[in-house]
Amino acid sequence: MALSRTDAHKLVHLDLKGAAPKVEYYHFLLPLLKRFGATGLLIEYEDMFPYSGELQELAQPYAYSKDKICAIQQLAAQNGLIVIPLIQTIGHFEFVLKHNKFHSLCEVPGFPSALCPSNPDSLTALSLMIDQVMALHPAIQHFHVGGDEVYHLGVCERCKEKMALENWTPQQLFFAHMRAVCLYIKEKYPHLTIIMWDDMLRFLEQPVLSESGLGTLVEPMIWHYLPSFLLPPDLWDRLSRVFPNIWVASAFKGATGACVYATNIMYHVDNNLAWLGVLERIKSKFENIRGIAVTGWQRYDHYAILCELLPQALPSLAICLAVIRTGTFNEDTHMSVSHDLKFNCQLPLNPFEGKEVACCEYPGSDIYTQTVEMLRLDTAYEDFLHSEGRLSWMNEYHMRRNFTNPMHMGALLGQALKLFDGLKHLKARFEESLRKVYYQDTVNEWCAVYLDPKIDKMAEIVELAQTQNHGMGIRKRPDMLT
């Protein structure tokens, strides 16, 4: 089943809780997304939204200004893309709860992941957030309230008292909170269709799901990022009895490991193909399958490191959208996307294989090529660091005691210098490429996490190796040194 119907949306998820692009990059990005077949953006702003007043602490130093938020929407409209803001309303709430001002809203004191649904100040804070986002998005028709992966629920004393008073389970506490959020939105913005993630509903028995009170308030977005489906086989029957309309969500990046920085495209092609097969089987159960969001996670949560950068993953996004549009993946699709992104060959579907770095030309393509270079250098770095020669004759313990054999040190030092220079040169080029797309905080973090530790390690090894004095005198073993 291809999602080629004009009323079925193909949303591209922009996760801005890390590596948020400069607005200038959207001028290049959004026309590409339109050409790939996208019809909308699902924007998870987090701390990049310009919250103000009582919420001003939530906006990070590089947050978009109000004018930039409007500019992104204007660019989206010019390219025929709808915009759907995503604001987390209970789980994944670290960007709010990490601030001293909002510590009292934590479900578990000291754990900033989940909002306490029983604290009346929680809904007050959420209402302010929703209103500020809506004030800058007056033309939207959909609003995503998150609601996924609430790991702490019904554990604080306030929640326990409320559950005892109402005779509620933790699931019913969750339902009550989400109903309150949705009713606030429906009352103030009745034209909006509300979307929420499905996983907190996924394993509930039918009577519990039916009594949730959410059936008339939200449209669930069922997410699954694996090539082989592990969703409960009766999920669709249970959902269809409560929700006439649903969305689904696949992935094009950021779903194969919290510290993975290069995208295995074939993994995501298989995920999207699996989704199309599922949609074909379940389409008769629902009044509408509204569309698919192709997610691209930038961090696994607010405190995790950056994973795959957006420009590096654009080839994956292009192929995934082509698969969704046509319903298949074949040689023609592969060649067409390779041509569109100006690859000098068929774009590699798995960057972890092969040794060559393919050349290409699209906005941000230098980040793609440098990421693949980094993969190759990482392999060489790990091979050298753990090689028998380095561990045996270039061991730091021996080098600090000037107890090394010049017969081996010369060749090993040559390898170390080549790696050291390669890493430094890559960092300089990466910094230049990243600054074209990202703010300085992203440039600093990317280099500090993925490049600087290796450069520092190689600098230590090279410095020690270059201080070795290979005189002709008799050398003592380290265990003989005092």
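Residues numbered from 1 in each chain as written. Predicted model: local features only at pLDDT ≥ 70, side-chain atom pairs only at ≥ 80, totals over all residues. Heavy atoms only, no water.

**Observations regarding the nonpolar core**
- Residues L41, Y64, M129, F143, F174, W236 and M394 are the most contacted members of the largest nonpolar core, which totals 154 residues.
- Residues in contact with Y64, not counting those within four places in the same chain, are L16, A20, P21, V23, Y26, M48, F49, P50, I69, I72 and Y439. (Core = buried A, V, L, I, M, F, W, Y, C linked by side-chain atoms within 4.5 Å. Buried < 20%, exposed > 50% of the residue type's maximum accessible area, 1.4 Å probe, protein only. Contact = heavy atoms within 4.5 Å.)

**Thoughts on unusual backbone geometry**
- Notably, E149 is not glycine yet its phi reads approximately 50 degrees, a positive angle.
- Here E149 lies in the loop between β6 (142-144) and α5 (157-166).
- Classification of E149 as partly exposed rests on a relative accessible area of 23%.
- A positive phi angle, close to 60 degrees, is found at N167, a residue other than glycine.
- For N167, the position within the fold is in the loop between α5 and α6 (170-188). (Helix = DSSP H or I, 4+ residues; strand = E, 2+ residues; numbered from the N terminus.)

**What to know about α6**
- With 19 residues, α6 should reach 27 Å at 1.5 Å per residue; the first-to-last C-alpha distance of 28 Å fits that figure.
- Within α6 the residues assigned to the buried category are L173, F174, F175, A176, H177, M178, V181, C182 and I185. (Expected span 1.5 Å × (residues − 1).)

**Concerning the packing of aromatic side chains**
- Under the criterion given, the structure shown has 16 aromatic pairs.
- Taking the centre distance of 6.3 Å and the plane angle of 75 degrees together, the rings of Y26 and Y64 count as edge-to-face. Taken together, the positions of Y26 in helix α1 (residues 23-36) and Y64 in the loop between β2 (40-44) and α2 (66-78) put the pair 38 residues apart, joining distant regions of the chain.
- Centroid distance F343 to Y368: 5.4 Å. Interplanar angle 80 degrees. Geometry classified as edge-to-face. Residue F343 is found in the loop between α11 (331-340) and α12 (365-385), and its partner Y368 is found in helix α12; the two are separated by 25 residues along the sequence.
- The exposure class of F343 is buried, given its relative accessible area of 10%.
- Members of the aromatic cluster, connected to one another through ring pairs, are Y45, F49, Y51, F93 and F95.
- One Lys or Arg, R202, reaches over the ring of W223 and ends 4.9 Å from the middle of that ring.
- It is R401 that lies over the ring of Y397; its NZ or CZ is 3.6 Å from the centre. (Phe/Tyr/Trp six-rings, centres within 6.5 Å; stacked < 30°, edge-to-face > 60°. Lys NZ or Arg CZ within 6 Å of the ring centre and 35° of its normal.)

**Section: the pattern of salt bridges**
- Evaluated as defined, the whole model comprises 21 salt bridges.
- Its salt-bridge partner being E157, residue K160 comes within 3.8 Å of it at the nearest N-O pair. With K160 and E157 both in helix α5 and 3 residues apart, the pair spans about one turn of that helix.
- Given a relative accessible area of 42%, K160 falls into the partly exposed group.
- The class of E157 is exposed, set by a relative accessible area of 52%.
- For the salt bridge of E396 with K457, the shortest nitrogen-to-oxygen distance reads 2.6 Å. You can see E396 sitting in helix α14 (residues 396-400) and its partner K457 sitting in helix α17 (residues 452-466), a full 61 residues away along the chain.
- A relative accessible area of 23% places K457 in the partly exposed class.
- Among the charged side chains, a network of salt bridges with common partners joins R390, E396, R400, K457 and E460. (Salt bridge = Lys/Arg side-chain N within 4 Å of Asp/Glu carboxyl O.)

**As for the pairing of strand β7 (residues 193-197)**
- In terms of burial, β7 is largely enclosed, as 4 of its 5 residues are buried.
- By the bridge criterion, 3 bridges tie β6 to β7 in an arrangement that is parallel. Paired with H142 across the two strands is T193, which belongs to β7.
- Direction of pairing for β7 relative to strand β8 (residues 218-223): parallel, over a ladder of 4 bridges. (Pairing = 2+ DSSP bridges.)

**Observations concerning the state of the cysteines**
- Tallied over the full model, the rule gives 0 disulfides.
- Counting only cysteine sulfurs, C156 is the nearest neighbor of C116, a cysteine outside any disulfide, at a range of 3.7 Å.
- Taking the relative accessible area as the measure of exposure, C116 reaches 2% and is therefore buried. (Disulfide = S-S within 2.5 Å.)

**Some thoughts on the environment of R325**
- With respect to the helices, strands and loops of the structure, R325 is situated in helix α10 (residues 310-326).
- Assessed through its relative accessible area of 36%, R325 is described here as partly exposed.
- In this structure the C-alpha to C-alpha distance between R325 and F229, which are 96 residues apart in sequence, comes to 21 Å.
- Separated by 2.5 Å, the side chain of R325 and the backbone oxygen of F36 make a polar contact. (Polar contact = N/O pair within 3.5 Å; in protein donor to acceptor, adjacent residues only side chain to side chain.)

**Points about the environment of Y381**
- Among the secondary structure elements, Y381 is positioned in helix α12.
- With 121 residues separating them along the chain, Y381 and V260 place their C-alpha atoms 17 Å apart.
- With near-sequence residues (within four places) excluded, Y381 lies in contact with L419, L423, P453, K454, K457 and M458.

**Overview of the side chain of N119**
- Inspection of the secondary structure assignment puts N119 in the loop between β5 (111-115) and α4 (120-135).
- The class of N119 is buried, set by a relative accessible area of 6%.
- A polar side-chain atom of N119 sits 2.9 Å from the main-chain amide nitrogen of D121.
- Not counting residues up to four positions away in its chain, the partners in contact with N119 are S104, L105 and R158.

**Quick notes on the pairing of β8**
- In terms of burial, β8 is a largely internal element, 6 of the 6 residues being buried.
- Judged by which residues are buried, β8 turns out to be covered on both faces: V218, P220 and I222 on one side and E219, M221 and W223 on the other are all buried.
- As paired strands, β8 and strand β9 (residues 245-253) are joined by 3 bridges and run parallel to one another. Residue pairing across strands places W223 opposite A249, the latter belonging to β9.
- You can see the chain leave β8, run along helix α8 (residues 235-240) and come back into β9, and the turn it takes is right-handed. (Right-handed = clockwise from strand over helix to strand, strands pointing away.)

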